[in-house]
Amino acid sequence: MAVPSVLLLTDRNFTRKQNTRLEKQNDLGWKLFGKVPLKETSQKDPKRIHKEYEEKTGRAHKPISPKQNVRKNLDFEPLSTTALILEDRPANLPAKPAEEAQKHRQQYEEMVVQAKKRELKEAQRRKKQLEERCRLEENIGNAVLIWNNEILPNWETMCCSRKVRELWWQGIPPSVRGRVWSLAIGNELNITHELYDICLARAKEKWRSLSTGSSEVECEDAGFSAADKEASLELIKLDISRTFPNLCIFQQGGPYHDTLHSILGAYTCYRPDVGYVQGMSFIAAVLILNLDTADAFIAFSNLLNKPCQMAFFRVDHGLMLIYFAAFEVFFEENLPKLFAHFKKNNVTPDIYLIDWIFTLYSKSLPLDLACRIWDVFCRDGEEFLFRTALGILKLYEDILTKMDFIHIAQFLTKLPEDLPSEEFFTSIAAIQMQSRNKKWAQVLVALQKDNREVERGSPSLKH
Amino acid sequence: MAGSEAGKGNGGFRIILLGDSTVGKSSLLRCYTEGSFIPAPCPTVGVEFYSKMMDLPPGIKVKLQLWDTAGQERFRCITRSFYRNAVGVLLVFDMTNRKSFEHITEWYHEVASIQLMEKVVFLLIGHKSDLKSDCKVSTEEAEGLAASLGMGFIETSAKNNTNVDLAFQTLTNTIYEALKNKEIDLQEGWDGVKVIHKKNCNPQKKKRKTQEKCLC
């Protein structure tokens, strides 16, 4: 008999509806606590609350700038509401004894206090989150100013300074990202916008001759059969709509479909010896999202011309194995326990590295994170790609050491979508790209030298 | 590791899917393991993995380790190193793409030239059977090729989920039969088939033995 007839409602949507309905008909004798105001707003006058309520329900049609909106949210949050109801016994039953009623009231009040406390805590958490977001936005705003006014005009002198490097690590603001990437990647190949136009015109010619079925395909690209080229051009077409399918912008009829097609087509004419290789469409797509078409082409060609990318996209298997071997040197150095576990389970680096390196993480990481990886890759070069791989392994070291082959392979080729970005970058930062006083490039050169000697036939050096 | 797996099943088969780009290897696997179909999935770069448990008739559970490979010809020298450890191969072509069918013999010889095992079990898959009107390869022709290469043939569709389970069941059963008849030779250090003996499972002992061998 001692159960107080108290109803605790915490479902947000439900209580919200209740709340609005109850405001209209206040004569039910229910007690209702809702929208616990934050400390600094607890003395708000009812008029202001009413005004805000109107704004929220859209009754007032004043346009609100996004900035105001954020501020308002800070002041007054649409919190989950808690309704707590204390009812007397129905009239047809005997009334509660005074003592019991007193006890129930007391229990009821305690519950209310608890609920309020919980709500307040939740409100504070949300407020903190919002403040964090505002702070982040402000930081990005400041960073844009620094990049635009200080760094970009003095690129040559400033790009290697400590301050810039640090700012760079934080992530380049999206509005200047394309320009910084372009500058950092450079244009060693001296590609001009005109060259892009010429390559594109040639590609278009080839598409036309292919679609009309004429066999007069130019034979300037000796060594590559017309059939192979045809397959390559065909494959580009098929792969474009399979590039970031979730974004829905590269698909047939999408705004960037033709741009992506053009860049990839132009590249096969510019470098027929490399041609189109799956994975390229992702790199081109990320560049298109940050740069104008011709500049994206220039960055794309120069990026693929870097030694690591050339080795992979020309599928120089011998050289790829050297890259994997170098990676393993740093893997063992940084994560010896996991390295041993992988060895025991026959998890070789080609299983997970191929996709990561070919697409520069754009297929395997969320796009915003992939862009941050690209930021630092543009700063530090190929070694950062391998450092990132080790960062991923470090981040998930504990779970990976408990997995067997197939689970490791599945996990690494399909990374969790909710990869925590800050922890991830902390993991990467903790990876030392130094092995016995040797840096990445030195290890790579040493391995290449060893390999050449092995090829020349000195079996003593093998393994 | 083997000990913990013993509770779950009696072994594992490694199966690899090969065939030209865009014939639908990934879709076939996604349909089989997740029961879903996405019209244009991302192209596979390198290799991707799926796994599923399968019940074989006499109360035996087998864990299928499914390797999905990149189809572009350029990647062949990379994927080649993956064939070696497979016991089953699904050779997949697109029924609406004549070329992908013509390349099947090449894919077959690729594996045959690399695979060191006595026997690998193959199965030919004619995929996208839902697109009947666009068919560029007849069932008879595909069956003829399969027979000449000594393997079975099944038409599948991931879009309609037609024969997908059947394909994997057929392949797994054939592997199992071959194992029972000792047609497949089990070698140490080969990952194509993992047999877990329920009673006496002591991998450490085994290891020590091989180490001793090395010392001799």
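Computed from a predicted structure; not experimentally measured.

The rules we used
Residues numbered from 1 in each chain as written. Chains lettered and ligands numbered in written order. Predicted model: local features only at pLDDT ≥ 70, side-chain atom pairs only at ≥ 80, totals over all residues. Heavy atoms only, no water. Helix = DSSP H or I, 4+ residues; strand = E, 2+ residues; numbered from the N terminus. Buried < 20%, exposed > 50% of the residue type's maximum accessible area, 1.4 Å probe, protein only. Contact = heavy atoms within 4.5 Å. Salt bridge = Lys/Arg side-chain N within 4 Å of Asp/Glu carboxyl O. Phe/Tyr/Trp six-rings, centres within 6.5 Å; stacked < 30°, edge-to-face > 60°. Pairing = 2+ DSSP bridges. Right-handed = clockwise from strand over helix to strand, strands pointing away. Patch = residues over 30% accessible without salt bridge, like charges linked within 9 Å, V, L, I, M, F, W, Y side chains within 5 Å. Areas by Shrake-Rupley, 256 points an atom, 1.4 Å probe, with all protein chains shown as cover. Lys, Arg positive; Asp, Glu negative; His and termini not counted. Charge placed at Lys NZ, Arg CZ, Asp CG, Glu CD. Buried area = accessible area lost by both parts, 1.4 Å probe. Polar contact = N/O pair within 3.5 Å; in protein donor to acceptor, adjacent residues only side chain to side chain. Arc of directions from axis to C-beta.

Peer 1: Any chance you could explain the overall build of chain A here in plain terms?
Peer 2: Each helix and strand counted, chain A has 22 helices and four strands in total. By the burial criterion, 44% of the 463 residues in chain A qualify as buried. Sequence separation of at least 24 residues holds for 74% of the intrachain contacts in chain A that already meet a minimum separation of 6.

Peer 1: Explanation requested: the pattern of salt bridges in the structure shown.
Peer 2: All names here are of chain A. A full pass over the atoms with the stated rule returns 24 salt bridges over all chains. Two residues, Glu166 and Arg162, come together in a salt bridge whose shortest N-O distance is 3.5 Å. One end of the pair is Glu166 and the other is Arg162, both in helix α6 (residues 162–169) and four residues apart, which spans about a single turn. Residue Glu166 is classed as partly exposed on the basis of its relative accessible area of 46%. On the basis of relative accessible area, Arg162 is assigned to the exposed category, the value being 68%. In this structure, Arg242 and Asp239 form a salt bridge, with 3.2 Å as the shortest nitrogen-oxygen distance.

Peer 1: Any chance you could explain the packing of aromatic side chains here in plain terms?
Peer 2: Each aromatic ring pair is described using two quantities: the centre-to-centre distance and the angle formed by the ring planes. Residues and elements named next belong to chain A. Summed over the entire model, instances satisfying the criterion amount to 39 aromatic pairs over all chains. Centroid distance Tyr323 to Phe386: 5.8 Å. Interplanar angle 10 degrees. Geometry classified as stacked. Placement of Tyr323 in helix α14 (residues 317–334) and of Phe386 in helix α18 (residues 383–395) is noted, with a sequence separation of 63 residues between them. The buried category is assigned to Tyr323, whose relative accessible area is 3%. A relative accessible area of 0% places Phe386 in the buried class. On the numbers, 5.5 Å between centres and 55 degrees between planes, the contact of Tyr352 with Trp356 is tilted. Pair noted here: Tyr352 and Trp356 are both in helix α16 (residues 349–358), with a separation of four residues, about one helical turn.

Peer 1: Would you take a moment to explain unusual backbone geometry for this structure?
Peer 2: A negative phi angle characterises most non-glycine residues, just as the trans form characterises most peptide bonds. All names here are of chain A. The phi dihedral of Phe244 is positive, around 40 degrees, even though this residue is not glycine. For Val315, which is not a glycine, the phi torsion comes out positive at approximately 50 degrees. Take Val315: it is sitting in the loop between α13 (307–313) and α14.

Peer 1: Before we go on, may I ask you to explain the pairing of strand β5 (residues 121–127) of chain B in this structure?
Peer 2: Consecutive residues of a regular strand have side chains that alternate between opposite faces of the sheet. Residue and element names in this part refer to chain B. With seven of seven residues buried, β5 lies mostly within the body of the structure. In β5, alternate side chains face the same way, and those of Val121, Leu123, Ile125 and His127 on one face and Phe122, Leu124 and Gly126 on the other are all buried. Note: strand β4 (residues 88–94) against β5, seven bridges, orientation parallel. When the sheet's bridge partners are listed, Asp94 is paired in β5 with His127. Judged from the four bridges that link them, β5 and strand β6 (residues 152–155) form a sheet pairing that is parallel. Its bridge partner being in β6, Gly126 is matched across the sheet by Glu155. In this fold, β5 hands off to helix α6 (residues 139–148), which returns the chain to β6; that crossover is right-handed.

Peer 1: Could you clarify how one ought to interpret a positive patch on the surface in this entry?
Peer 2: Side chains of Arg436, Lys438, Lys449, Arg452 and Arg456 of chain A sit close together on the surface and give a patch of like positive charge. Top element by residues in the positive patch is helix α22 (residues 440–456) of chain A. It accounts for three residues.

Peer 1: Would you mind going over the interface of chain A and chain B with me for this structure?
Peer 2: Bring the parts together and some accessible area is lost; that lost area is often taken as the interface size. On the chain B side, the residues contacting the 39 residues of chain A number 33 residues. In total, chain A and chain B occlude about 3000 Å² of area from one another, counting both sides; carbon and sulfur atoms represent 60% of this. Three residues stand out in chain A for area buried against chain B, namely Arg242, Gln278 and Ile406 of chain A, and they jointly supply 20% of the buried area on that side. Where chain A packs against chain B, one counts two salt bridges. Glu34 of chain B is the salt-bridge partner of Lys414 of chain A, the closest N and O atoms lying 3.5 Å from each other. Summed over the shared surface of chain A and chain B, the number is nine residue pairs in polar contact (both at pLDDT 80 or more).

Peer 1: Can you help me understand helix α3 (residues 76–83) of chain B in this one?
Peer 2: Because each turn of an α-helix spans 3.6 residues, side chains separated by three or four positions in sequence point in the same direction. If you check which residues of α3 of chain B are buried, you get Arg76, Ile78, Thr79, Phe82 and Tyr83 of chain B. All buried residues of α3 of chain B project into a common sector of 155 degrees when viewed along the axis, lining one side. The inward-facing, buried residues of α3 of chain B contact α14 and α16 of chain A together with β1 (11–18), β2 (47–56), β3 (60–69) and α5 (104–114) of chain B.

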